[in-house]
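The chain contents come next:
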Amino acid sequence: MSKIKVGMTLDEFIIQEEKGYPNASGDLSKLLRDIGLASKIINREVNKAGLVDILGKIGKENIQGEEVFKLDEFANDTLISFLKYGGQCAGVASEEEDEIQVFNNEEAQNAHYLVLFDPLDGSSNIDTNASIGTIFSIVRRLSEDTITEKDFFRTGREIVAAGYVLYGSSTMLVYSTGNGVNGFTLDPSIGEFCLSHYQMKTPETAKQFSVNYGTIAHWNQRLKSFTNWCTLENKEEGTPLTLRYIGSMVADFHRNLLKGGIFIYPASPKSPNGKLRLLYECIPLAFLQEQAGGLSTNEKVSILDIQPEALHQRTPIALGSKKLVEKFLSF
Ligand code: AHM
């Protein structure tokens, strides 16, 4: 009989899950625990951000020409130090690092995994106290010896786990190792993530759509027709839908995962590949979306089937409830 119980801690859950895989080394579980630990430290700083001198920009730009906020840098450094010395991770790719970071310290020498992450997604929302999050995916290293970018350029079909931590009105860790999606809420009184959302499923149909309407002048015809359909009074089709857009992908995604909906960040003439990054934003969330019964697309193929070619590659994306994504593609 399954010993999985709502309320159990992340550690207990991981132990129970491992029992289903007697040959598992336990390395992936340890890695997930390290990410959970790092996110608790990040959560602590996010929560007290208004009290200490940690809000605001640090006065430099990342490789993508975006301003780096102090909390971005803190989250990046925290994740790297937990992963570097945890013993399970041989290197990382981060939105905040120009290049991949291969760990040369002793603890990392026999590590089998690589972690790709956006340490703090939605950082333009930091100073206004809106929800932000950490997004990650985990792949197995390919090279026995020297790790190169190629080890990180893996499709969504090859990743072994993905997840995010949402720093919202409560803090949640949501992840999947390919056997469904489970969500854990941080209980601040005991400092533990506890299972709160077991085997999450996105409703097939939904009442919400999420897109930055302010950019309509740059949309393609499909997106214009789809959003027009979303706003029509048509009971049979289930429209109109409600527009919900925070501007923090991880928060928009989380809401749509629970309530059903579609999130779209399109290409535009100015940004022909959209804005969002394939490797550490789109692939992990698309993996979770498809694990939860939804779909993802770049309007040609599933996000999970795109072969990455550059570390900070961008892609247009639409993901969410199956029927809504299919409707979007039907225009
Ligand atoms: P960031 O990397 O600066 O955090 O930007 C990514 C964010 C996403 O979380 C969000 O979906 C998107 O940018 C919002 O962009 P826009 O303001 O153009 O709608």
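A quick note: this is a predicted structure, and the numbers were derived from the prediction, not measured.

**Details of the overall build of the protein**
A count of helical and extended segments in the protein gives eight helices and 15 strands. Relative to its length of 331 residues, the protein is compact, with a C-alpha radius of gyration of 19 Å against a globular reference of 20 Å. The principal-axis extent of the C-alpha atoms belonging to the protein is close to 60 × 55 × 45 Å. For the protein, contacts bridging at least 24 residues in sequence account for 63% of all contacts bridging at least 6. Accessible area of the protein: about 14,900 Å², with a carbon and sulfur share of 49%. The protein carries 33 positive and 42 negative side-chain charges, and their two centres are separated by 7 Å.

**Considerations on the site of the ligand**
Taken together, 15 residues lie around the ligand, and Gly122, Tyr245, Met249, Tyr265 and Arg277 are the ones closest in. Within the contact set of the ligand, an oxygen atom lies 2.6 Å away from a backbone nitrogen or oxygen of Met249. Note that an oxygen atom of the ligand is positioned 2.9 Å from one of the side-chain N or O atoms of Lys275. Taking 470 Å² as the accessible area of the ligand by itself, protein coverage stands at 85%. Of the residues belonging to the shell around the ligand, the class tally is five nonpolar, five polar and five charged. Residues lining the shell around the ligand come from more than one domain, with at least three contributed by each of domain 1 (10-200) and domain 2 (208-330).

**Section: the side chain of Gln313**
Within the fold, Gln313 resides in the loop between β14 (295-297) and β15 (317-320). The residues touching Gln313, leaving out its near neighbours within four places in the chain, are Leu276, Arg277, Leu278, Ile306, Gln307 and Pro308.

**Section: the nonpolar core**
In this structure, Phe152, Tyr164, Leu285, Ile303 and Ile317 are the most contacted members of the largest nonpolar core, which totals 43 residues. The dominant element in this core, judged by the number of residues it contributes, is helix α7 (residues 278-291), at nine residues. Viewed by domain, this core spans two of them, domain 1 (10-200) and domain 2 (208-330), each represented by three or more residues. Those residues within four positions of Phe152 in sequence are excluded, and the remaining contacts are Gly91, Val92, Ala93, Ile100, Leu114, Val115, Leu116, Ile147 and Leu279. Counting residues in hydrophobic clusters, the runner-up holds 39 residues, among them Ile14, Leu83, Phe117 and Tyr175.

**Side note on the pairing of strand β3 (residues 89-94)**
For β3, the tally of buried residues reaches six of six residues, placing the bulk of the element in the interior. Across five bridges, β3 lies against strand β5 (residues 113-121) in parallel orientation. Bridging across to β5, Ser94 finds its partner in Phe117.

**Here we look at the domain arrangement of the protein**
Taken domain by domain, the protein comprises domain 1 (10-200) and domain 2 (208-330). Between the C-alpha centres of domain 1 and domain 2 the distance comes to 23 Å. Each partner contributes to the roughly 3,000 Å² buried at the junction of domain 1 and domain 2, and carbon and sulfur atoms together form 64% of this total. Broken down residue by residue, the surface that domain 1 buries against domain 2 is led by Phe153, Arg157 and Tyr164, which jointly contribute 21%.

**Quick word on the packing of helix α5 (residues 221-231) against helix α8 (residues 322-330)**
It is the contact of α5 with α8, at a shortest axis distance of 8 Å, that shows an interaxial angle of 130 degrees. It follows that α5 is oblique to α8 by the angle criterion. In terms of crossing hand, the pair formed by α5 and α8 is right-handed. Along its contact with α5, which presents Arg222, Leu223, Phe226 and Trp229, the element α8 presents Leu324, Lys327, Phe328 and Leu329. Split by residue class, the contact of α5 with α8 holds six nonpolar, no polar and two charged.

Conventions and cut-offs
- Residues numbered from 1 in each chain as written.
- Predicted model: local features only at pLDDT ≥ 70, side-chain atom pairs only at ≥ 80, totals over all residues.
- Heavy atoms only, no water.
- Helix = DSSP H or I, 4+ residues; strand = E, 2+ residues; numbered from the N terminus.
- Rg over C-alpha atoms; globule rule 2.2 N^0.38 Å.
- Contact = heavy atoms within 4.5 Å.
- Areas by Shrake-Rupley, 256 points an atom, 1.4 Å probe, with all protein chains shown as cover.
- Lys, Arg positive; Asp, Glu negative; His and termini not counted.
- Charge placed at Lys NZ, Arg CZ, Asp CG, Glu CD.
- Near = heavy atom within 4 Å.
- Polar contact = N/O pair within 3.5 Å; in protein donor to acceptor, adjacent residues only side chain to side chain.
- Nonpolar A, V, L, I, M, F, W, Y, C, P; charged D, E, K, R; others polar.
- Domains from an automatic or database assignment.
- Core = buried A, V, L, I, M, F, W, Y, C linked by side-chain atoms within 4.5 Å.
- Buried < 20%, exposed > 50% of the residue type's maximum accessible area, 1.4 Å probe, protein only.
- Pairing = 2+ DSSP bridges.
- Buried area = accessible area lost by both parts, 1.4 Å probe.
- Axes fitted to C-alpha atoms, helices over the stretch in contact; angles between N-to-C directions.
- Parallel < 35°, antiparallel > 145°, perpendicular 65-115°, else oblique.
- Left-handed = near helix turned anticlockwise from the far one by under 90°.

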